[in-house]
Amino acid sequence: MQVVAVQSIAARDGISIDQFISTAIAEKLSALMTENYLIERAKRGSREKYQTILTKVPDVEPEAYDRLPTI
């Protein structure tokens, strides 16, 4: 059943099954590499640095276009 789905999707996209599989692998690797990058990047952050930066943000009302809608 899965082979038929791959054939169908590849045909719909106008590519070969080999191209479809190569693209799927590349997309998966990209997602995993991005996840690893974000995990490593998060390790460099700290709550203290976050709070320090947050204190520099002015306490003002948002512009009308930037307000959350009320229900």
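Residues numbered from 1 in each chain as written. Predicted model: local features only at pLDDT ≥ 70, side-chain atom pairs only at ≥ 80, totals over all residues. Heavy atoms only, no water.

*Asks:* Please clarify how the overall build of the chain should be interpreted in this entry.
*Replies:* Looking only at helices and strands, the chain has 3 helices and 0 strands in total. Reading the chain from its N terminus to its C terminus gives the helix and strand order α-α-α. Its C-alpha atoms give the chain a radius of gyration of 23 Å, clearly above 11 Å, the size a compact globule of 71 residues would have. Structurally, the chain occupies a C-alpha span of about 55 × 35 × 20 Å along its principal axes. Within the chain, the fraction of its 71 residues that count as buried is 1%. A total accessible area of about 7000 Å² is found for the chain, and carbon and sulfur atoms account for 60% of it. Across the chain, the centroid of the 9 positively charged side chains sits 7 Å from that of the 10 negatively charged ones. (Helix = DSSP H or I, 4+ residues; strand = E, 2+ residues; numbered from the N terminus. Rg over C-alpha atoms; globule rule 2.2 N^0.38 Å. Buried < 20%, exposed > 50% of the residue type's maximum accessible area, 1.4 Å probe, protein only. Areas by Shrake-Rupley, 256 points an atom, 1.4 Å probe, with all protein chains shown as cover. Lys, Arg positive; Asp, Glu negative; His and termini not counted. Charge placed at Lys NZ, Arg CZ, Asp CG, Glu CD.)

*Asks:* Whenever I open this one, the pattern of salt bridges confuses me. Can you help?
*Replies:* For side chains of opposite charge, pairing can occur when their charged atoms come near one another. Overall, the coordinates contain 2 salt bridges when judged by the stated rule. The salt bridge involving Arg 12 is made with Asp 13; its shortest N-O contact spans 3.6 Å. You can call Arg 12 exposed: its relative accessible area is 63%. With a closest N to O distance of 3.1 Å, Lys 43 and Glu 40 form a salt bridge. With Lys 43 and Glu 40 both in helix α2 (residues 17-43) and 3 residues apart, this pair spans about one turn of that helix. (Salt bridge = Lys/Arg side-chain N within 4 Å of Asp/Glu carboxyl O.)

*Asks:* How should I be thinking about helix α1 (residues 2-13) in this particular structure?
*Replies:* Residues three or four positions apart in an α-helix share a direction because the helix packs 3.6 residues into each turn. With 12 residues, α1 should cover 16 Å at 1.5 Å per step; its first-to-last C-alpha distance of 16 Å lies within 8% of that length. Count one or two residues on from α1 and you reach Gly 14, which has phi positive near 75°. (Expected span 1.5 Å × (residues − 1).)

*Asks:* Looking at this structure, how should I read the environment of Ala 26?
*Replies:* Here Ala 26 is to be found in helix α2. Separated by 32 residues in the primary sequence, Ala 26 and Pro 58 place their C-alpha atoms 43 Å from one another.

*Asks:* Whenever I open this one, the environment of Pro 58 confuses me. Can you help?
*Replies:* Along the chain, Pro 58 turns up in the segment after α3 (47-54). Overall, Pro 58 belongs to the exposed group, its relative accessible area being 59%.

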